[in-house]
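Understanding the architecture of this molecule
Here are the chains, one letter per residue:
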Amino acid sequence: MNKILHKGSRIYIAGHRGMVGSAVKRKLEREGYNRLISRTSSELDLRNQQAVRSFFREEQPEIVVDAAARVGGIMANNEYPWQFLYENLEIQNNIIAAAHEQDVDKLIFLGSSCIYPKHADQPMSEEALLTGPLEPTNQWYAIAKITGVKMVDALRRQYDHDYVSLMPTNLYGPNDNFDLKTSHVLPAMIRKFHDAKEKGHAPVPLWGTGAPMREFLHVDDVADAVFFTLNRSMEHDLYNVGTGKDIRIKDLALLIQDIVGHKGDINWDTTKPDGTPRKLMDVSRLEEAGWEYSIELEEGIRMTYEWFKEHQDEIKELKVEG
Ligand SMILES: NC(=O)c1ccc[n+]([C@@H]2O[C@H](COP(=O)([O-])OP(=O)(O)OC[C@H]3O[C@@H](n4cnc5c(N)ncnc54)[C@H](OP(=O)(O)O)[C@@H]3O)[C@@H](O)[C@H]2O)c1
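Residues numbered from 1 in each chain as written. Predicted model: local features only at pLDDT ≥ 70, side-chain atom pairs only at ≥ 80, totals over all residues. Heavy atoms only, no water.

As annotated in an unreviewed UniProt entry, the protein carries the name GDP-L-fucose synthase and is attributed to Fodinibius roseus. UniProt, in the comment section headed Catalytic activity (unreviewed entry), describes the protein in these words: "GDP-beta-L-fucose + NADP(+) = GDP-4-dehydro-alpha-D-rhamnose + NADPH + H(+)". Recorded in UniProt under Sequence similarities (unreviewed entry), the annotation for the protein is "Belongs to the NAD(P)-dependent epimerase/dehydratase family. Fucose synthase subfamily." (UniProt positions renumbered as here; feature names shortened; annotations may be inferred.)

UniProt's entry tags Ser-112 and Cys-114 with the feature "site: Important for catalytic activity" (unreviewed entry), counted in the numbering of this structure. Here Ser-112 is to be found in the loop between β4 (106-110) and α5 (139-159). Those residues within four positions of Ser-112 in sequence are excluded, and the remaining contacts are Tyr-141, Met-167 and Pro-168. Secondary-structure assignment places Cys-114 in the loop between β4 and α5. Beyond its immediate stretch of four places on either side in the chain, Cys-114 contacts Leu-134, Asn-138, Tyr-141, Ala-142 and Lys-279. (Helix = DSSP H or I, 4+ residues; strand = E, 2+ residues; numbered from the N terminus. Contact = heavy atoms within 4.5 Å.)

The subject of this paragraph is the nonpolar core. Among the nonpolar cores identified, the biggest contains 40 residues, and Tyr-12, Leu-46, Phe-56, Leu-107 and Tyr-116 are the most heavily contacted of them. At the level of elements, β1 (11-14), α2 (49-59), α4 (81-101), β4 and α5 are the ones that each hand at least two residues to this core. Apart from the residues within four sequence positions on either side, Tyr-12 is in contact with Ile-37, Ser-38, Arg-39, Leu-44, Leu-46, Phe-55, Phe-56, Pro-61, Ile-63, Val-64 and Val-65. Formed by 33 residues, the second largest nonpolar core is a distinct cluster that contains Ile-4, Ala-223, Ala-225 and Val-241. (Core = buried A, V, L, I, M, F, W, Y, C linked by side-chain atoms within 4.5 Å. Buried < 20%, exposed > 50% of the residue type's maximum accessible area, 1.4 Å probe, protein only.)

Attention now moves to a negative patch on the surface. Side chains of Glu-235, Glu-287, Glu-288 and Glu-292 sit close together on the surface and give a patch of like negative charge. In this structure, Glu-288 sits in helix α9 (residues 284-289). Residue class for Glu-288 comes out exposed when judged on its relative accessible area of 69%. (Patch = residues over 30% accessible without salt bridge, like charges linked within 9 Å, V, L, I, M, F, W, Y side chains within 5 Å. Areas by Shrake-Rupley, 256 points an atom, 1.4 Å probe, with all protein chains shown as cover. Salt bridge = Lys/Arg side-chain N within 4 Å of Asp/Glu carboxyl O. Lys, Arg positive; Asp, Glu negative; His and termini not counted. Charge placed at Lys NZ, Arg CZ, Asp CG, Glu CD.)

Burial of β1 is two-sided: the residues Ile-11 and Ile-13 facing one way and the residues Tyr-12 and Ala-14 facing the other way are all buried. Here 2 bridges tie β1 to strand β2 (residues 36-37), and the two strands are oriented parallel to one another. Bridge pairing in β2 links Tyr-12 to Ile-37. Once the chain exits β1 it traverses helix α1 (residues 19-30) before rejoining the sheet at β2, and the crossover so formed is right-handed. Where β1 lies against strand β3 (residues 63-66), 4 bridges are found, and the strand directions are parallel. The residue bridging Ile-13 from the neighbouring strand is Val-65, located in β3. (Pairing = 2+ DSSP bridges. Right-handed = clockwise from strand over helix to strand, strands pointing away.)

This part takes up the pairing of strand β10 (residues 238-241). The two faces of the sheet receive side chains in turn, since in a regular strand these alternate between them. Along β10, one buried face is formed by Leu-238 and Asn-240 and the opposite face, lined by Tyr-239 and Val-241, is buried too. Here strand β5 (residues 164-168) pairs with β10 via 4 bridges, running parallel. Of the residues in β10, the one forming a bridge with Ser-165 is Leu-238.

Here it is as structure tokens:
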């Protein structure tokens, strides 16, 4: 452990109301860090360079976790390529540059596995970055995130800052998006099985054949990886965060059906596309540094379903206005 993080550290969590940011906040609070700094997007619009600079000058954070981004699925990316590219560049440029200007001790930049090429060898290692074309649908978001990774790398090389990029796999957990129009596969399945159970165990329609393999990580494990990274100087600029294990979508559906207690049929609509056959992270770099995940998928889904039932009334809508 180095001395970067201490109980009196002034820690700014950008995007503290989001799925990842709120998990990081919960983790730091649980560990007894009580000098956390946060602003909602209406209090501080991170796209505004002057406002971000003034905020950093006034608040003088020592540690920064950047979990703020315009996030969305394929449909939103397709419809708003400009916003996904430009706003994410603005948000991360402003945060990373202000952190550098204020000589922030440690910064963690969060991105996602979409930074890797569409046809990257599986499992995808950090070395796969920029070795081939991206998935076209979310290239806008991916290019912004790749730029963030390179900014962190440049600051490490030129100024010796201990800044790090963490790229998590598909996440799930509290504060996830359960809106069927925009949600990812795992929360969408929880919602669909739950709603069908409420309607007397009606059949659940699901897309594709169920054959693809996907990896899922509970968001509390990402928060744990952030905490781990904050507590030591890291050898590399970029680390994947995942379980290193994947599950067939069909088996995921059966697991969620069982946890939710839905007794009806599942109707696979095989006219709908399956997507990439396999997407799995190579997590050996972070494992070699000493971190690995701890929440198994079944336990994580049970916890997430409990959270969903308690918070059904407040579930999030995607805020994309164009
Ligand atoms: N969810 C996943 O499956 C997943 C997987 C891998 C990686 N990640 C990465 O984790 C990071 C966070 O994702 P998430 O799922 O936590 O997203 P999220 O739930 O949508 O939260 C994003 C947060 O960013 C803030 N934000 C957006 N635009 C802003 C602006 N202009 N000014 C200030 N704040 C702004 C929002 O703040 P307000 O609430 O105040 O509006 C929101 O709380 C992203 O970099 C994403 O790539 C997510």
